[in-house]
Amino acid sequence: MILKSFLYAVTLLWVGAVNAAQYCDPVTSVCYSETKAGDLYVRVAIPMADNGPFDILLQLVAPKQTAGWAAIAWGGKMTKNPITVAWANGNKTVVSSRWANTRTPPVAYPTATYTVLRGSTSNATHWTLTALCSQCATWTADNVKSALNPNDKAAKFAYALSPTPPSQPANNASSITKHTIHATFTVDLAAAKSDKFQEYITSLA
Ligand SMILES: *[C@@H]1O[C@H](CO)[C@@H](O)[C@H](O)[C@H]1NC(C)=O
Ligand SMILES: *[C@@H]1O[C@H](CO)[C@@H](O)[C@H](O)[C@H]1NC(C)=O
Ligand SMILES: *[C@@H]1O[C@H](CO)[C@@H](O)[C@H](O)[C@H]1NC(C)=O
């Protein structure tokens with residue numbers, strides 16, 4: 001009985017600990033630092049940098065039922081940091097670069113740019129975005145510069161999603177409905193570093 005409770009406690013701890021882990025795609029062999037944020041898998045790979053700016057390889061995998069659109073905020077806040085919004089469009093995925101200064105629907109943020117890569121697909125149940133972001137690791141708000149620390153084992157991010165898809169899914173500037181769920185989570189950026197980063201990008205282009 002005591003042993004059983006002990007094992008149960010250990011199992012719970014273990015489940016908590018593996019919330020963030022490394023994930024290697026069996027098809028492309030690309031390895032990411034992975035975090036499950038609610039129903040959303042957030043996967044990140046970065047180069048062997050010790051400070052920004054650096055490009056970021058991002059993969060989001062979302063169930064359609066919960067995520068008509070999903071977003072992640074790179075500074076862990078709903079306002080004043082780059083926001084990546086993505087959704088399904090037919091059998092593909094659309095990414096939209098956004099920013100919000102106030103708690104209103106985020107507007108286009110042309111500073112951060114994305115290259116949608118191979119493995120951005122949508123099927124009956126899930127959509128997957130695989131994209132390279134330039135200018136997601138550093139940003140300026142109110143004249144204050146912020147940067148992701150690539151050695152941070154628990155960088156604070158935020159996510160938001162809504163089951164309602166955007167009104168114009170083919171248009172990256174489509175309006176989106178207000179989120180139904182939002183929360184913060186952490187990403188192990190140190191585990192996202194890869195000396196194969198450039199190879200990954202080339203192989204996914
Ligand atoms: C994706 O959809 C397009 C247009 O409907 C279709 O031509 C194409 O074959 C589909 N691709 C896959 C992989 O299902
Ligand atoms: C939409 O895509 C175009 C072309 O890639 C890009 O210039 C524009 O910044 C994007 N807009 C948003 C909101 O992501
Ligand atoms: C749909 O995509 C998801 C995410 O990539 C995958 O886990 C799932 O197996 C796919 N479903 C089918 C039927 O291919």
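Definitions and cut-offs
- Residues numbered from 1 in each chain as written.
- Chains lettered and ligands numbered in written order.
- Predicted model: local features only at pLDDT ≥ 70, side-chain atom pairs only at ≥ 80, totals over all residues.
- Heavy atoms only, no water.
- Helix = DSSP H or I, 4+ residues; strand = E, 2+ residues; numbered from the N terminus.
- Rg over C-alpha atoms; globule rule 2.2 N^0.38 Å.
- Buried < 20%, exposed > 50% of the residue type's maximum accessible area, 1.4 Å probe, protein only.
- Contact = heavy atoms within 4.5 Å.
- Near = heavy atom within 4 Å.
- Polar contact = N/O pair within 3.5 Å; in protein donor to acceptor, adjacent residues only side chain to side chain.
- Areas by Shrake-Rupley, 256 points an atom, 1.4 Å probe, with all protein chains shown as cover.
- Nonpolar A, V, L, I, M, F, W, Y, C, P; charged D, E, K, R; others polar.
- Pairing = 2+ DSSP bridges.
- Core = buried A, V, L, I, M, F, W, Y, C linked by side-chain atoms within 4.5 Å.
- Disulfide = S-S within 2.5 Å.
- 1 Å grid on protein atoms, 1.4 Å probe; cavity = no way out; pocket = protein on both sides within 12 Å on 5 of 7 lines; lining within 4 Å.
- Points joined across faces, edges and corners; volume = space filled by probe spheres on them.

K.L.:
Describe the overall build of the protein chain, with residues and values.
P.N.:
Within the protein chain one finds two helices and 15 strands. Relative to the 2.2 N^0.38 estimate, which gives 17 Å for 205 residues, the radius of gyration of the protein chain is 17 Å and therefore close to what a compact globule would have. Projected onto the principal axes, the alpha-carbon positions of the protein chain cover approximately 55 × 40 × 35 Å. Of all 205 residues assigned to the protein chain, the portion counted as buried reaches 44%. A fraction of 59% describes how many contacts in the protein chain between residues 6 or more apart in sequence connect residues 24 or more apart.

K.L.:
So what about the site of ligand 3? Which residues, and what values?
P.N.:
Surveying the vicinity of ligand 3 reveals the residues Val61, Asn123, Thr125, His126 and Thr128. At a separation of 2.3 Å, an oxygen atom of ligand 3 approaches a polar side-chain atom of Asn123. Here ligand 3 loses 35% of its free accessible area of 360 Å² to cover by the protein chains. Counted by class, the shell around ligand 3 contains one nonpolar, four polar and no charged residues.

K.L.:
Tell me about the sheet that holds strand 7 (residues 92-99), and name the residues and values.
P.N.:
Taken in spatial order, the six strands line up as 8-7-6-5-14-15 in an open sheet, and their pairing is antiparallel. Sheet topology places strand 8 (107-108) and strand 15 (181-187) at the edges, where each strand pairs with a single neighbour. Pairing analysis gives five bridges linking strand 5 (residues 69-73) to strand 14 (residues 155-162), with the strands arranged antiparallel. When the sheet's bridge partners are listed, Trp69 is paired in strand 14 with Ser162.

K.L.:
I'd like to hear about the nonpolar core, residue by residue, with values.
P.N.:
Counting residues in hydrophobic clusters, the biggest one holds 38 residues, and the most contacted among them are Val42, Val44, Ile56, Ile72, Trp74 and Leu148. Not counting residues within four places of it along the chain, the set of residues in contact with Leu148 comprises Phe54, Ile56, Trp74, Cys136, Ala137, Trp139, Phe157 and Leu189. Core analysis: the next-biggest nonpolar cluster, separate from the first, contains eleven residues, Cys31, Ala45, Leu57 and Leu204 among them.

K.L.:
Could you give me a rundown of the state of the cysteines, with the residues and numbers involved?
P.N.:
Counting across every chain of the model gives two disulfides. A sulfur-sulfur distance of 2.0 Å marks the disulfide that ties Cys133 to Cys136. The chirality of the disulfide connecting Cys133 with Cys136 is right-handed, given an S-S dihedral of about 80°. Judged on exposure class, the residue Cys133 and its partner Cys136 are both buried. The cystine pairing of the protein chain, numbering bonded cysteines in sequence order, is 1-2, 3-4.

K.L.:
How would you summarise the site of ligand 2 if you had to cite specific residues and measurements?
P.N.:
Close contacts around ligand 2 come from Ser96, Ser97, Ala108 and Asn172, and that covers them all. Taking Asn172, its side chain carries an N or O atom lying 2.3 Å from an oxygen atom of ligand 2. For ligand 2, the protein covers 45% of the area, taking 360 Å² as the surface of the free molecule.

K.L.:
So what's going on with unusual backbone geometry? Which residues, and what values?
P.N.:
The phi angle at Ser29 is positive, at roughly 65°, despite the residue not being glycine. If you trace the backbone, Ser29 turns up in the loop between strand 1 (20-24) and strand 2 (31-37). Non-glycine residue Lys80 carries a positive phi angle of around 60°. Its place among the elements puts Lys80 in the loop between strand 5 and strand 6 (83-89).

K.L.:
Run through the layout of surface pockets, naming residues and quoting values.
P.N.:
To find leftover empty space, one rolls a probe the size of a water molecule over the atoms. What the largest pocket holds in volume is close to 370 Å³. The wall of the largest pocket is formed by 22 residues, among which Trp69, Met78, Thr104, Pro106 and His179 lie closest to the centre. Sorting the residues of the lining of the largest pocket by element identifies strand 5, strand 6 and strand 14 as the ones contributing at least two each. Along the lines of polarity and charge, the residues of the lining of the largest pocket split into 14 nonpolar, five polar and three charged. Taken as a whole, the second largest pocket spans an internal volume of roughly 160 Å³. The wall of the second largest pocket is formed by 14 residues, among which Val95, Ser96, Ser97, Ala108 and Asn172 lie closest to the centre. Contributing elements (two or more residues each) for the lining of the second largest pocket: strand 7, strand 8 and strand 9 (113-116).

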